[in-house]
Amino acid sequence: MQMPETGLSRLSASQAQQLVQSALITGLDEGLAVSAAAVDSSGHLLAFARADDAFLGSIDASIAKARTAVYFRRDTAAMQQALEQGKTAYLALADVLPLEGGVPLLVGGTLVGGLGISGAASAHDGVLARAIASLLNSLSGRTT
């Protein structure tokens, strides 16, 4: 049985690096000093960058947000909203950071990785992560 063609099946190191660099540049243009991490579809780190003035805690937080987005295949904003509504079960899970700023990277409906941003307010991290994630299709050569 032949598997259907889904386009990009994995996130390359080059694409991951372009995403995190774009996040830093865009963040700095908006006056935000952030850290950005891109992981593959298994949650392993592919690329990382930190703005000079980003706080040190943003390093681990950006990586954890990217991994959390991959592990749950969802935007971490939904997890933060659940916490704010009193649903604290996410806090019992190891290696999960349920704060806005992590997004799954999808191409043609296929999970290829995750992107995590930390260093600003969580809402700003999330907006920046979603904006940068939207660039992936242009990096992969897809228009949809």
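What this report covers is the structure whose coordinates are included nearby. Keep in mind it's a predicted model, so treat the numbers as computed, not measured. (Residues numbered from 1 in each chain as written. Predicted model: local features only at pLDDT ≥ 70, side-chain atom pairs only at ≥ 80, totals over all residues. Heavy atoms only, no water.)

### A closer look at the environment of Ala 82
Here is step 1 of the chain: Take Ala 82: it is sitting in helix α3 (residues 76-84).
Here is step 2 of the chain: Between the alpha carbons of Ala 82 and Leu 11 there is a distance of 29 Å; along the sequence they are 71 residues apart.
Here is step 3 of the chain: Apart from residues no more than four positions distant in its own chain, Ala 82 is found in contact with Lys 87 and Tyr 90. (Helix = DSSP H or I, 4+ residues; strand = E, 2+ residues; numbered from the N terminus. Contact = heavy atoms within 4.5 Å.)

### With respect to the side chain of Ser 35
Here is step 1 of the chain: Locating Ser 35 in the fold gives a position in strand β1 (residues 35-40).
Here is step 2 of the chain: Look at Ser 35 and you get buried, because its relative accessible area is 0%.
Here is step 3 of the chain: Aside from chain neighbours lying at most four places away, what touches Ser 35 is Phe 48, Ala 49, Arg 50, Ala 54, Ser 58, Ile 59, Ser 62, Gly 116, Ile 117 and Ser 118. (Buried < 20%, exposed > 50% of the residue type's maximum accessible area, 1.4 Å probe, protein only.)

### Brief notes about the nonpolar core
Here is step 1 of the chain: Core analysis: the biggest nonpolar cluster contains 25 residues, and Leu 11, Val 20, Leu 105, Leu 115, Ile 117 and Leu 136 have the highest contact counts within it.
Here is step 2 of the chain: For this core, the secondary structure elements donating two or more residues are α1 (13-29), β1, β2 (45-50), β3 (102-107), β4 (110-118) and α4 (122-133).
Here is step 3 of the chain: For this core, the element with the most residues is α1, which contributes 5 residues.
Here is step 4 of the chain: If we ignore the near neighbours within four places in the chain, the residues touching Leu 136 are Leu 11, Leu 19, Leu 105, Leu 106, Val 107 and Val 112. (Core = buried A, V, L, I, M, F, W, Y, C linked by side-chain atoms within 4.5 Å.)

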